[in-house]
Amino acid sequence: MTSRARRTVTVSWPEANARRLARQHLSGPAPGLSPADAAGAMLGAHAQVLSAAELSVGLRGEGLTRADVRTALWADDPARRTLVKTFGPRGTVHLLPAADLPLWTGALSAVPTGPNPFPKDTRMTPDQVEEVVTAIGAALTGAELTVDELSEEVVARTGPWAGDLVMPGFQAMWPRWRQVLHLAGHRGALAYAPNRGRRATYTNPGYTPLPGAEAQAALVERYLYAYGPATPAHFARWLAAPKRWADGLFASLAGSGAIEEVAFAEAGPAWVVAGDTDFPAGPVRGVRLLPYFDAFAIASQPRERLFPGRAYERALGGGQAGNYPVLLVDGTVAGVWHQRRSGRRIAVTVEPLEPLSAARLRALEDEVERVGAVMEGRAELTVGTVSVGPHA
């Protein structure tokens, strides 16, 4: 008896892009979508600029506003806090679903680190790193502290060496211990708490990370569900992790049957979750505005297909996605945009790379109106040149 080899599915870029847009709720805002569900679908909303994260989340759900996002983050009743602001992929600040924090912390804390980027006299020993992370978790348990208050606690619990001003910061030098602030977030010992006036505060969210292997397998499957087909190199780039490690992780999951290989016409062999091989047949249609560092623009690969032609030069900062808010037309980047707020008025300037038809211009006007609704303001559209440079 002979066995027949499984037929390898071939996936085109239009099919992959259409499915990603649908799963990101960017084909159209989803009725009844919660802020946590929206953040989960995109695998975290980049929140270094919180207003951009509010817009990323709000645009994906029908009727969602920035007030809904803020309630999910900072509600007085802890049971209503369904989002957590903490350090996510690439060590950058993200909004993550609270229910997923054990998975995220389990996965991120087990990712191998690369070479230490700090000068020799700035670094901490492995034992000092553990001391600081333990001190951060203890100091923040049951407390909400500013970074200066946390610094005093860390130095008191470890030693003066932790407070040495050796870390270049914004027009100042920061204490040594701050080089592991993101690591404390990845370990589940730190997350953001509500601001105290204009000052950020931190707390210990009290979540126990899942075991690393289990969490990383689950994260790969969620990533492939949202952004597949994808290669280990795509995953490593999105996570800022070593490619060799990602290669091994994918090979292990392929061996267990959790993921399967497809032929991605624009990227060669790539991977999807096992059995997840249905793709939309129809083309993508519509006009969308995505803010700074929207997860879809950052994670979708191959990048040159999402940013075709002139878009690759105009809408990327040195090849890095997210530095410009982008205009999507029929699923690909076709321009950049910028918003400027004054009270309730939001002046939106959109710079298309090619002239828009009358129908697409009407669709853009509708999208700008949605931006205003999400941000709880009155948005006004100008089609013209965006003179603002890339976000630093």
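Residues numbered from 1 in each chain as written. Predicted model: local features only at pLDDT ≥ 70, side-chain atom pairs only at ≥ 80, totals over all residues. Heavy atoms only, no water.

A.B. asks: Can you help me understand the sheet that holds strand E12 (residues 287–290) in this one?
C.D. replies: Pairing between sheet strands relies on hydrogen bonds along the backbone, with the strands arranged either parallel or antiparallel. The 5 strands lie next to each other as E12-E13-E14-E15-E16, forming an open sheet whose pairing is mixed. Unpaired on one side and paired on the other, E12 and strand E16 (378–383) mark the two borders of the sheet. Strand after strand, the sheet turns through a mean of 30 degrees between neighbouring axes, direction not considered. Contacting E12, strand E13 (326–329), strand E14 (332–342), strand E15 (345–352) and E16, helix H15 (residues 358–374) runs over the sheet at an angle of about 35 degrees to E12. (Pairing = 2+ DSSP bridges. Helix = DSSP H or I, 4+ residues; strand = E, 2+ residues; numbered from the N terminus. Axes fitted to C-alpha atoms, helices over the stretch in contact; angles between N-to-C directions. Contact = heavy atoms within 4.5 Å.)

A.B. asks: Explain the side chain of Asn17 to me, please; I cannot follow it from the model alone.
C.D. replies: When you line up the elements, Asn17 lands in helix H1 (residues 13–23). Asn17 sits in the buried class, given a relative accessible area of 3%. The residues contacting Asn17, other than those within four sequence positions of it, are Phe296, Leu306, Gly331 and Thr332. (Buried < 20%, exposed > 50% of the residue type's maximum accessible area, 1.4 Å probe, protein only.)

A.B. asks: I tried to follow unusual backbone geometry on my own but got confused; where do I start?
C.D. replies: When glycine is set aside, most residues are seen to have a negative phi, and most peptide bonds are trans. Here the residue pair Gly228 and Pro229 is connected by a cis peptide bond, since its omega of -5 degrees sits within 30 degrees of zero. In this model, Gln301 is joined to Pro302 through a cis peptide bond whose omega is 0 degrees. By secondary structure assignment, the location of Pro302 is in the loop between helix H12 (295–299) and helix H13 (303–306). The phi torsion at His25 lies on the positive side, around 60 degrees, for a residue other than glycine. The topology assignment puts His25 in the loop between H1 and helix H2 (35–41). Overall, His25 belongs to the partly exposed group, its relative accessible area being 22%. Even without glycine at this site, Arg90 takes up a positive phi of about 65 degrees. Residue position: Arg90 is located in the loop between strand E3 (83–87) and strand E4 (93–97).

A.B. asks: I keep staring at empty space enclosed by the protein and nothing clicks. Help me out?
C.D. replies: Using a probe with the size of a water molecule, rolled over the atoms, empty space left in the structure can be pinpointed. A complete count under the given rule lists 2 cavities of 30 Å³ or more for this structure. Considering only enclosed or pocket space, the largest cavity measures out at about 50 Å³ in volume. Lining the largest cavity, in full, are Met42, Leu43, Gly44, His46, Pro89, Arg90, His94, Trp238, Phe293, Ala295 and Ile298. Partitioning the lining of the largest cavity into residue classes produces 7 nonpolar, 3 polar and 1 charged. As for the second largest cavity, its lining consists of Gly40, Leu43, Asp100, Leu103, Trp104, Leu219 and Arg222. Among the secondary structure elements, those contributing two or more residues to the lining of the second largest cavity are helix H5 (101–108) and helix H9 (212–227). For the lining of the second largest cavity, the residue count by class is 4 nonpolar, 1 polar and 2 charged. (1 Å grid on protein atoms, 1.4 Å probe; cavity = no way out; pocket = protein on both sides within 12 Å on 5 of 7 lines; lining within 4 Å. Points joined across faces, edges and corners; volume = space filled by probe spheres on them. Nonpolar A, V, L, I, M, F, W, Y, C, P; charged D, E, K, R; others polar.)

A.B. asks: What's the story with H1 in this structure? I'm lost.
C.D. replies: For an α-helix, the turn length of 3.6 residues means that residues three or four places apart are oriented alike. Most of H1 sits inside the fold, with 8 of its 11 residues counted as buried. Regarding H1, the residues found buried are Trp13, Ala16, Asn17, Ala18, Arg19, Arg20, Leu21 and Arg23. Positive backbone phi, at 60 degrees, marks His25, one or two positions downstream of H1.

A.B. asks: Please explain the pairing of E16 as it appears in this structure.
C.D. replies: One face of the sheet, then the other: side chains in a regular strand alternate in exactly this way. Of the pairings in the sheet, the one linking E15 to E16 comprises 6 bridges and is parallel in character. Its bridge partner lying in E16, Arg345 is registered against Arg378. Considered for its hand, the β-α-β crossover made up of E15, H15 and E16 is right-handed. (Right-handed = clockwise from strand over helix to strand, strands pointing away.)

A.B. asks: What am I meant to see in the packing of aromatic side chains here?
C.D. replies: Geometrically, a pair of aromatic rings is defined through the distance of the ring centres and the angle of the planes. Scanning the model with the defined rule gives 9 aromatic pairs in all. Among the aromatic residues, those joined into a ring-pair cluster are Trp104, Tyr223, Tyr227, Phe235, Trp238, Trp245 and Phe250. Positioned above the aromatic ring of Tyr225 is the side chain of Arg23, whose terminal nitrogen or guanidinium carbon lies 3.7 Å from the ring centre. In this arrangement the basic side chain of Lys85 is found over the ring face of Tyr192, its NZ or CZ atom lying 4.4 Å from the centre. (Phe/Tyr/Trp six-rings, centres within 6.5 Å; stacked < 30°, edge-to-face > 60°. Lys NZ or Arg CZ within 6 Å of the ring centre and 35° of its normal.)

A.B. asks: For this particular structure, what's the right way to read the environment of Ser387?
C.D. replies: On the secondary structure map, Ser387 appears in the segment after E16. Distance in space between the C-alpha atoms of Ser387 and His338 is 8.8 Å, their sequence separation being 49 residues.

A.B. asks: What is the right way to read the environment of Val284 from this model?
C.D. replies: With respect to the secondary-structure elements, Val284 resides in the loop between strand E11 (268–273) and E12. With 17 residues separating them along the chain, Val284 and Gln301 place their C-alpha atoms 17 Å apart. Setting aside anything within four residues of it in sequence, one finds Val284 in contact with Ala18, Leu21, Asp330 and Gly331.

A.B. asks: What is the right way to look at the packing of H9 against helix H10 (residues 232–239) in this model?
C.D. replies: Packed helices, taken two at a time, are described by the angle between their axes plus the distance between the axes. Axis separation between H9 and H10 bottoms out at 12 Å; the angle between their running directions is 105 degrees. Between H9 and H10, the angle is such that the two are roughly perpendicular. Residue-level contacts link Leu219, Val220 and Tyr223 of H9 to His234, Phe235, Trp238 and Leu239 of H10. Here the residues of the contact of H9 with H10 are counted per class, giving 6 nonpolar, 1 polar and no charged. (Parallel < 35°, antiparallel > 145°, perpendicular 65-115°, else oblique.)

A.B. asks: Which parts of the structure should I look at to understand the packing of H10 against helix H11 (residues 243–255)?
C.D. replies: Here H10 crosses H11 at 125 degrees, and the two axes come no closer than 8 Å. For the element pair H10 / H11, the angle class is oblique. You can see that H10 and H11 cross each other, and the crossing is right-handed. Touching Pro232, Ala233, Phe235, Ala236 and Leu239 of H10 are Lys243, Trp245, Ala246, Asp247, Leu249 and Phe250, all from H11. Residue composition of the contact of H10 with H11, grouped by class: 9 nonpolar, no polar and 2 charged. (Left-handed = near helix turned anticlockwise from the far one by under 90°.)

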